[in-house]
Amino acid sequence: MTKSKTLSLLFLMYHIICISQVKSAPSYQEIRKSYDAKELNDETALPFIHVFVKEAKKHKDYRALALAYRDGVAYSSKIDAKLKYADSTILAALRTTNSDLISDAHVGKGIVYSVNLKKYQPALDQFLKAYQYSRSSKDDYLKHKVNYHLGNVKSYLGFYEEAITHFKNSIHYFERGAQKSTNPNMTFNYKKGYYNILHQMTACYRNLNNIHKSDSLTELGLKLTSGQSEFLLENSYFLKCKGLLSFHKNNPNDAIYYLNKALPEIVKKNDFMWASVIYYYLGTVFIENGDKKRGITYFTKIDSIFNKNQFIFPEVRKNYEFLINHYQVENDTKKELYYTKQLVKADNIIVRDYKYLSKKIFREYDSKRMKEEQERLEKSKMIAVIFAAVILGGTFLLLIYRRRREKLLQKKYNLLQEKLLLSKADSNLEIKSVDKDVESKRKVVSDEKVKELAIKLKDFEHKKKFMQKGLTCKKLADQLKTNSHYLSMYINDVKGYNFNRYLAELRINYITELLHSDKEYRKLTVEALAAECGIASRQNFSDLFYEINGIRPADFIKMRIKQLKND
């Protein structure tokens, strides 16, 4: 893979280390050659990755399977697919009991949350899990990789001093690695890690108002990345930092110059978070210098990013306050109402995703704006009273509904608990014998055939072969070397339901027991749970789970976690 195509340190370095440790068929290496020169997020690699997965499953090589799923995360372009592959990576890694692989698998899922979705709280949860598994590791690269990502996500959440501590613990490791490594790819990754830490530290120091420190690190970053085609994005980040510092130093012309110079590469890489920050400061510069029309153009670009990605960085939320005030003065009620609704949505996201920062932001909310809003509310007091009454009434009804639903869920959960306890007490349940009534009805099935089917089905259930995807009565009959008609009659008579229901019961009972007993399975998505028990559709899995257990899988997981906390 050429350096120009290696755009992220997030996957490659540790993957190279892990793949070299796979003690399995050499075909894995050959399969990877079919796609390892492709760009990240290039889905033309997926057919080859599916072959990789199939081979690893065939040999029950869970280390290789984890790496194959990891490639799925790297080369999928759709977020849902990345998350599914990330869950599968974790599941495969857990089966290896290798702490390094498990740690790296959690890092992979955290990266999807932080880089692709900009959801930093769930990303932090994944990185903390990765840290726990990496504590006893002898792999320094893995440890510093986890440490970097912890610092990175903490910096976005507003814990700047904690983030700086993380960065200081790892910056010299990546710097030394870049200087000493003789492998070009490894040198590239060490440099990328070093530059990323420098960039995040400049942002942290700027937010802590340590402009001098932020400025010196920015100049160092510009010096190191200038003229390097491999690090155009990193250079753009430092140009962005230079522009923001120029703004804080009241140098508007320099701010416009550096921010515009940084913008193209950041937009090209679809880093919508930093693009929105640049738009905010460019808009602010023009507005403060009397060019409101141009400034508003940049602010509307932030709104477009928000609508497209349902993401807003707290630093840019004031653009909505300006737009609301502007259109209030212009007496444009339609736009004022639109941007007011957008601000409410933005604040909901900020409160949810940036709990620490949200308190600081709302304390700094413009007092004049608050006073004006209060006066407007006083004028429409009657409407507010009616609205409040409706809200209170709705809330009361919602509380009643939720209470009743919780009671019903608890009742269904308790019944399912009893079912699971009975299942454990009778875990070695024998195949039911055929009574005389069944025999009289099915004379075409001989006693020998009944006995043979009982033994074969018992083995089928014991070895959990029911998790095969696409399993039909005909396919199972072929596997058991029997007639599908006999098999269908036997299942209907002895089990008491048709083949599809029989298969569904086995699958759902299997996954229910795992959810009840193994906390790792309670961390998986519904999609991953469906795939684990051989059900292709998420909705079909959820409906079958509800039909058989009387409760949705998500509700069962929530109730189980609640019970364990209370015990």
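Residues numbered from 1 in each chain as written. Predicted model: local features only at pLDDT ≥ 70, side-chain atom pairs only at ≥ 80, totals over all residues. Heavy atoms only, no water.

Observations concerning the overall build of the chain
Next up, step 1: In terms of regular secondary structure, the chain is built from 28 helices and zero strands.
Next up, step 2: Buried positions account for 48% of the 567 residues belonging to the chain.
Next up, step 3: The long-range fraction of contacts in the chain, counting pairs at least 24 apart against all pairs at least 6 apart in sequence, stands at 63%. (Helix = DSSP H or I, 4+ residues; strand = E, 2+ residues; numbered from the N terminus. Buried < 20%, exposed > 50% of the residue type's maximum accessible area, 1.4 Å probe, protein only. Contact = heavy atoms within 4.5 Å.)

Observations regarding the environment of Asp 543
Next up, step 1: Positionally, Asp 543 belongs in helix H27 (residues 538-549).
Next up, step 2: Assessed through its relative accessible area of 32%, Asp 543 is described here as partly exposed.
Next up, step 3: Along the primary structure Asp 543 and Pro 553 are separated by ten residues, whereas in three dimensions their C-alpha atoms are 9.1 Å apart.

Topic: the nonpolar core
Next up, step 1: Core analysis: the largest hydrophobic core is formed by 111 residues, its most contacted members being Met 201, Ile 266, Trp 274, Ile 312 and Tyr 320.
Next up, step 2: In terms of residue count, the dominant contributor to this core is helix H14 (residues 272-288) (13 residues).
Next up, step 3: Core analysis: the second largest hydrophobic core is formed by 46 residues, Tyr 413, Leu 453, Ile 511 and Phe 545 among them. (Core = buried A, V, L, I, M, F, W, Y, C linked by side-chain atoms within 4.5 Å.)

Describing the pattern of salt bridges
Pairs can form between side chains of opposite charge whenever their charged atoms are close.
Next up, step 1: Applying the stated rule across the entire model yields 25 salt bridges.
Next up, step 2: Here Asp 104 ties to Arg 70 by a salt bridge, and the two come within 3.0 Å at their closest N and O atoms. In this pair, Asp 104 is assigned in helix H6 (residues 99-116) and Arg 70 in helix H4 (residues 62-75), connecting sequence segments 34 residues apart. Of the two residues, Asp 104 and Arg 70, neither departs from the other in class, the shared state being buried.
Next up, step 3: Residue Lys 474 pairs with Asp 478 through a salt bridge whose shortest N-O separation is 3.0 Å. Linking Lys 474 with Asp 478, this pair stays in helix H23 (residues 473-480), spanning four residues, or about one helical turn.
Next up, step 4: Given the relative accessible area of 48%, Lys 474 is considered partly exposed.
Next up, step 5: A single network of salt bridges, built from pairs that share partners, joins Arg 70, Asp 104 and Lys 145. (Salt bridge = Lys/Arg side-chain N within 4 Å of Asp/Glu carboxyl O.)

Considerations on the packing of helix H8 (residues 140-157) against helix H10 (residues 184-207)
Next up, step 1: Axis separation between H8 and H10 bottoms out at 11 Å; the angle between their running directions is 25°. Looking at the two axes, H8 sits roughly parallel to H10. Note that H8 runs across H10; the crossing there is left-handed. Across from Tyr 141, Tyr 148, Asn 152, Ser 155 and Tyr 156 in H8, the residues of H10 making contact are Asn 189, Tyr 190, Asn 196, Ile 197, Gln 200 and Cys 204. (Axes fitted to C-alpha atoms, helices over the stretch in contact; angles between N-to-C directions. Parallel < 35°, antiparallel > 145°, perpendicular 65-115°, else oblique. Left-handed = near helix turned anticlockwise from the far one by under 90°.)

Some details on the confidence of the model for the chain
The predicted coordinates should not be examined in detail at positions where pLDDT is low.
Next up, step 1: Of the residues in the chain, 84% reach a pLDDT of 70 or more, and the chain-wide mean stands at 83.
Next up, step 2: Within the model, pLDDT remains below 50 along residues 1-14, and this stretch shows 46 contacts once partners closer than five positions in the same chain are excluded.
Next up, step 3: Within the model, the stretch residues 19-26 combines pLDDT values under 50 with twelve contacts to residues more than four positions away or in other chains. (pLDDT = per-residue confidence, 0-100.)

Observations regarding the packing of aromatic side chains
Next up, step 1: Per the counting criterion, the structure on display carries 31 aromatic pairs.
Next up, step 2: Three or more aromatic residues link up through ring pairs in this structure, and these residues are Phe 247, Tyr 280, Tyr 281, Phe 299 and Phe 322.
Next up, step 3: A cation sits over an aromatic face here: Lys 118 above Phe 272, 5.7 Å from the ring centre.
Next up, step 4: Across the ring face of Tyr 546, the terminal group of Arg 552 is positioned such that the distance to the ring centre comes to 4.7 Å. (Phe/Tyr/Trp six-rings, centres within 6.5 Å; stacked < 30°, edge-to-face > 60°. Lys NZ or Arg CZ within 6 Å of the ring centre and 35° of its normal.)

A closer look at the side chain of His 166
Next up, step 1: Tracing the backbone shows His 166 in helix H9 (residues 160-180).
Next up, step 2: Every residue in contact with His 166, bar those within four places of it in the chain, is listed here: Asn 147, Leu 150, Gly 151 and Lys 154.

Observations concerning unusual backbone geometry
Glycine aside, the phi torsion of most residues is negative, and most peptide linkages are trans.
Next up, step 1: One non-glycine residue, Asn 250, adopts positive backbone phi at about 60°.
Next up, step 2: Counting through the fold element by element, Asn 250 comes out in the loop between helix H12 (232-248) and helix H13 (252-268).
Next up, step 3: Judged by its relative accessible area of 64%, Asn 250 falls in the exposed class.

A word on helix H15 (residues 292-309)
Next up, step 1: In a regular helix each residue adds 1.5 Å, so 18 residues correspond to 26 Å; H15 covers 26 Å between its end C-alpha atoms and thus fits that length.
Next up, step 2: Within H15, the full set of buried residues consists of Gly 295, Ile 296, Tyr 298, Phe 299, Ile 302, Asp 303, Ile 305 and Phe 306. Taken around the axis of H15, the buried residues stretch over an arc of 165°, which confines them to a single face. Within H15, the exposed residues directed more than 90 degrees away from the buried face are Lys 293 and Lys 308.
Next up, step 3: Residue Gln 310 follows H15 closely and has a positive phi angle near 50°. (Expected span 1.5 Å × (residues − 1). Arc of directions from axis to C-beta.)

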